[in-house]
Structure formats: C-alpha cells, structure tokens
Amino acid sequence: MKSIRILMIMAVMLTAHLVPAQSFKPAANPEKVLAELRRTSQGTSSIQASFTEDKYLAVLKEPEKSSGVFYYQQKDKMRWEQRTPSKYIILINGDKLRVQEGNKEKNVGQAGRMAAQIKELMIGLVNGDFQQNKGFSSAVLEDGDQYQIVLTPVNRRLKSIYSKIAMNFSKSSLRLQELSFFEKGGDRSTMKFQQEKFNQPIAENLFKDL
C-alpha cells in the first residue's frame, strides 16, 4: 500500500491544472490536429525546461508551491526533479523507474503493474504516445490560440486515480504548454514551464543517477 501511495504522489508531481475556458470548442479537424502533434513529438529528440507548480489540495486553503527542472530524451528517458521547497526526483530510463524523496530512494518495484502503467502514462504524455494509449478515450478541442486534448480514463486502475487529463498545446509551435491531471478526490495542480530548450544534448548521467 505504501508503494501505491508513492506512485500516486509521483503521478501528481507531473500534473498541471487547466482552467476551464468557455471559448474551447470541438476542433474542426481533430485527426489533422493529432497528426500535427505526432509530427512535432516525433521530431523532438530532447527537452529541457524549468517549471513552477501550484498544487491545490482539498485540505489546504492556499496552494502548495514548488519548482524544479525537467529533462526528456527520446524515447523513454525522463527526469523530473523538484528542487524547492524539498527535493523530489522521478527518474525513468527505459523499463526502470526510480523515485527519490529528500536523500532517500523509495521502493516502487513492489507496486508492479500500477508502476508500469504510471510510467507508460508519464512518458506517453511527453513523447506523444498517449494517442495510442488504449487506457483513455480522447477529445480534441480548440480556441483561437491553443489546441486542447482531453483524455478520459477507461482503464479501471487509472479511473481509480484520475477523472481526466487535459493538455494545452500552442497552435503556433505545437508545443505542450499545460498538462492537467484532475484527481478523483478533487485535488489538482498548476504547472508552468519556462526556459524550454529542444533537441539539444543532455548529459547521460542525468538519466542514471538520482
């Protein structure tokens, strides 16, 4: 049970809240939008960015604030490193998943199948493979400046954690601007990315060492 709880916390670490906007409507050509997003993700070999996050929890009046750095290398390497107010790292390298809180590595291996699903989801949201994930149904929306992809879980395990996941992409760059996980219990987070760098070399040890 402790390992499952760690995985749920880990999933929240990758979340961002998307404020509902009345201007979003069904996309005129959803297949074209998805194809354009696929081309962009397939042409992205690496991503580096800093982030800030406001996490809204039902038990707190004010959001919890955090910040850190994010690294991704095609197609299955990712490092999510929260630096303030405390150290928290999620490291994915191929089929390996590691989590560190403070200076102590957590044991997530016992969570088995749930760990595999969370890892697949996290990488899929970054590299575009979410389009092939059969654990979700999808809807494509748009407004004047952005595309919005809303994923609704149909997989029993994922449905127990999320009510939906939403992503905002810039129409001009086709880059992900906001990633939103809405949890079953009502908690949500708001994450913004800054100083993005694409297709630049990343030190290999960042995906090996916690």
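Everything discussed here concerns the structure shown above.
Below is a summary of the structure that appears in this document. (Residues numbered from 1 in each chain as written. Predicted model: local features only at pLDDT ≥ 70, side-chain atom pairs only at ≥ 80, totals over all residues. Heavy atoms only, no water.)

### So, the sheet that holds strand S2 (residues 46-56)
Backbone hydrogen bonds are what pair the strands of a sheet, in a parallel or an antiparallel way. Reading across the sheet, the 7 strands line up as S7-S6-S5-S4-S3-S2-S12 and stay open at both edges, with antiparallel pairing between neighbours. Sheet topology places strand S7 (104-106) and strand S12 (188-198) at the edges, where each strand pairs with a single neighbour. In this sheet, neighbouring strand axes are inclined to one another by 20° on average, regardless of whether the strands run parallel or antiparallel. In the sheet, strand S5 (residues 88-93) pairs with strand S6 (residues 96-101) via 6 bridges, with the strands oriented antiparallel. Looking across to S6, one finds that Asn93 is bridged to Lys96. (Pairing = 2+ DSSP bridges. Helix = DSSP H or I, 4+ residues; strand = E, 2+ residues; numbered from the N terminus. Axes fitted to C-alpha atoms, helices over the stretch in contact; angles between N-to-C directions.)

### Focus: the packing of aromatic side chains
Aromatic ring pairs: the centre-centre distance and the angle between the two ring planes describe each pair. Taken as a whole, this structure holds 5 aromatic pairs when the rule is applied. Ring centres of Tyr162 and Phe181 lie 4.9 Å apart, and the angle between their planes is 75°; this geometry places the pair in the edge-to-face category. Linking Tyr162 in strand S10 (residues 162-170) with Phe181 in strand S11 (residues 176-183), this pair joins segments that are 19 residues apart in sequence. Residue Tyr162 shares its accessibility class with Phe181, and that shared class is buried. Within the aromatic cluster, the residues linked to one another by ring pairs are Phe51, Phe70, Trp80 and Phe193. Stacked on the ring of Phe198, the Lys or Arg Arg175 has its end atom at 3.8 Å from the ring centre. A cation over a ring is seen here: Arg188 above Tyr56, with NZ or CZ 4.0 Å from the ring centre. (Phe/Tyr/Trp six-rings, centres within 6.5 Å; stacked < 30°, edge-to-face > 60°. Buried < 20%, exposed > 50% of the residue type's maximum accessible area, 1.4 Å probe, protein only. Lys NZ or Arg CZ within 6 Å of the ring centre and 35° of its normal.)

### Some points on the pattern of salt bridges
Side chains that carry opposite charge are capable of pairing whenever their charged atoms lie near each other. According to the stated counting rule, one finds 8 salt bridges in the structure shown. The salt bridge involving Asp54 is made with Lys65; its shortest N-O contact spans 3.1 Å. Here the residue Asp54 occupies a position in strand S2, and Lys65 occupies one in strand S3 (residues 64-73), the gap between them amounting to 11 residues. Using a relative accessible area of 56% as the deciding quantity, one classes Lys65 as exposed. Glu204 is the salt-bridge partner of Lys77, the closest N and O atoms lying 2.6 Å from each other. Of this pair, Lys77 sits in strand S4 (residues 77-84) while Glu204 sits in the segment after S12, and the two are 127 residues apart along the sequence. Using a relative accessible area of 30% as the deciding quantity, one classes Glu204 as partly exposed. Within this structure, Arg79, Glu81 and Arg83 form a network of salt bridges that share partners. (Salt bridge = Lys/Arg side-chain N within 4 Å of Asp/Glu carboxyl O.)

### Focus: the pairing of S4
Here S4 lies mainly inside the structure; 6 of its 8 residues are buried. Between the end of S3 and the start of S4, which pair antiparallel, lie 3 residues. Where S4 meets S5, 6 bridges bridge the pair, whose relative direction is antiparallel. Directly across from Lys77, in S5, lies its bridge partner Asn93.

### Thoughts on the nonpolar core
The biggest cluster of nonpolar side chains holds 40 residues, and the ones touching the most others in it are Leu125, Ile149, Leu151, Tyr162, Ile165 and Met167. For this core, the leading source of residues is helix H3 (residues 113-127), giving 6 residues. Apart from the residues lying within four places of it in its own chain, the contact partners of Leu125 are Phe130, Leu151, Ile165, Met167, Leu176, Leu179 and Phe181. If you look at the next biggest cluster of nonpolar residues, it comprises 5 residues, including Phe24, Val150, Ala166 and Phe182. (Core = buried A, V, L, I, M, F, W, Y, C linked by side-chain atoms within 4.5 Å. Contact = heavy atoms within 4.5 Å.)

So far we have only geometry, and geometry alone does not tell us how the molecule works.
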